[in-house]
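The residues making up each chain are set out below.
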Amino acid sequence: MLSDRINQVGESATLAVDSKAKAMRASGVDVIGFGAGEPNFPTADYIVDAAAQACRDPKNHRYTPTAGLPELREAIAWKTRRDSGFDVDQSQVVVTNGGKQAVYETMQVLVNPGDEVIVPAPYWTSYPEAVKLAGGVPVEVFAGAERGFEPGVADFEAVRTQRTKAVVINTPNNPTGAVWSDATLTDIARWADDNHIWIISDEIYEHLTYDGAGTGYVGALVPQVRDRLIVLNGVAKTYAMTGWRVGWAVAPQPVARAITKLQGHLTSNVADVSQQAALAAVCGPLDVVAGMREAFDRRRKAIVSDLNAVRGVTCPMPRGAFYAFADIRPLLGAPLGLHGSVADSSSHFATLLLDEAHVAAVPGEAFGAPGYLRFSYALDDESLTEGMRRLREWVG
């Protein structure tokens, strides 16, 4: 009854874990959730105040241009110059309903049936599904913890074919927290330019880095790739605005026009009030993210220490985002918990962990990395400590 297109796409594992955890809480179960990639901080008052004021102005009760409010697009162009390091015009900016829509629309306008998109693994769960929905073929390239979860040009060249259309870059990375070096990004960008391959750079965690690491920006490092570069971003992570649903794509003008055309038939514009809130965020200071980053840094060190203290678990120290990516492969096939349950995969392990210990984490299968679990440390310190205690006691 359903289309082949939707039948070949898997559900979002991160949202599925979060939904199950919330359902269990609603039924009275005390669940500690490490699943959702969502800061536990409130949106800053100055942003909320801007939205409240916008609500009271009737001009904000109407449609906006499909590509977004001109003043917001101009602010995003300014922010791109400040952070990503190259000049863009507001005509290159399309405001989308969250970063996920920017990913989907980018794949829809770039990818033809049979085109291949290189997706470095571990990857955010929605990248390959967005490629499939466009009729394309996601080509996974895996780099493990022993390489810092950082692939190289040789990995990409080994899978390149005449159908290779684009490569996805996500640094700081979800789910690993890896921050790719400028040298790696430069090599990848030059390789892509030499082979006429598009670069899709997801920079949504750009301001969440630690230990002196900095986000590298392809458009600044290798200027000649800008004609084939699409930058994806949004306010969700930097400003704790996941529920406001404002993302964007910055692209060459023909691509931006195509994304706008698609969005005109898909959702039209982002909610006007949310755009006004995003305008306040983008034009405001980065003090908010500095405070969050300090808390995340403390939690990062705590959760990695706790994970490595669990029998059979190994977790490298992430340098960006707010995720710890733990290797649990030695625990597969071993008795767990009071009942001696045995997990044959990280997906099965995550199910048992939630059902028996009431701790929610996302299995590595969702990210192209079986045998791993992703733990978001974007939760309060007390819950983090309690969740790690439950994990340690459950494993034994």
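A brief look at the structure comes next. (Residues numbered from 1 in each chain as written. Predicted model: local features only at pLDDT ≥ 70, side-chain atom pairs only at ≥ 80, totals over all residues. Heavy atoms only, no water.)

One pass over the full model with this rule turns up 14 aromatic pairs. A centroid spacing of 5.8 Å and a plane angle of 75° characterise the contact between Phe149 and Phe325, whose relative ring orientation is edge-to-face. Of this pair, Phe149 sits in the loop between strand E4 (137-142) and helix H7 (153-159) while Phe325 is found in strand E9 (residues 323-327), placing the two residues 176 residues apart along the sequence. Neither Phe149 nor Phe325 differs from the other in exposure class; each is buried. Pairing Phe325 with Phe367 gives two aromatic rings, centres 6.0 Å apart and planes at 75°, and the pair type is edge-to-face. You can see Phe325 sitting in strand E9 and its partner Phe367 sitting in the loop between strand E13 (362-363) and strand E14 (372-376), a full 42 residues away along the chain. Just as Phe325 is buried, Phe367 falls in that class too. Through pairs of rings, three or more aromatic residues link up here, namely Phe41, Tyr205, Phe296, Phe322, Tyr323 and Tyr377. (Phe/Tyr/Trp six-rings, centres within 6.5 Å; stacked < 30°, edge-to-face > 60°. Helix = DSSP H or I, 4+ residues; strand = E, 2+ residues; numbered from the N terminus. Buried < 20%, exposed > 50% of the residue type's maximum accessible area, 1.4 Å probe, protein only.)

This part covers the sheet that holds E13. Pairing is antiparallel in the open sheet, where three strands are placed in the order E9-E14-E13. The strands lining the two open edges of the sheet, one partner per strand, are E9 and E13. Relative to E14, E13 is paired through two bridges, and the arrangement is antiparallel. Directly across from Pro363, in E14, lies its bridge partner Leu373. Contacts from helix H13 (residues 346-357) reach E13 and E14 within the one sheet, and its direction differs from that of E14 by about 45°. (Pairing = 2+ DSSP bridges. Contact = heavy atoms within 4.5 Å. Axes fitted to C-alpha atoms, helices over the stretch in contact; angles between N-to-C directions.)

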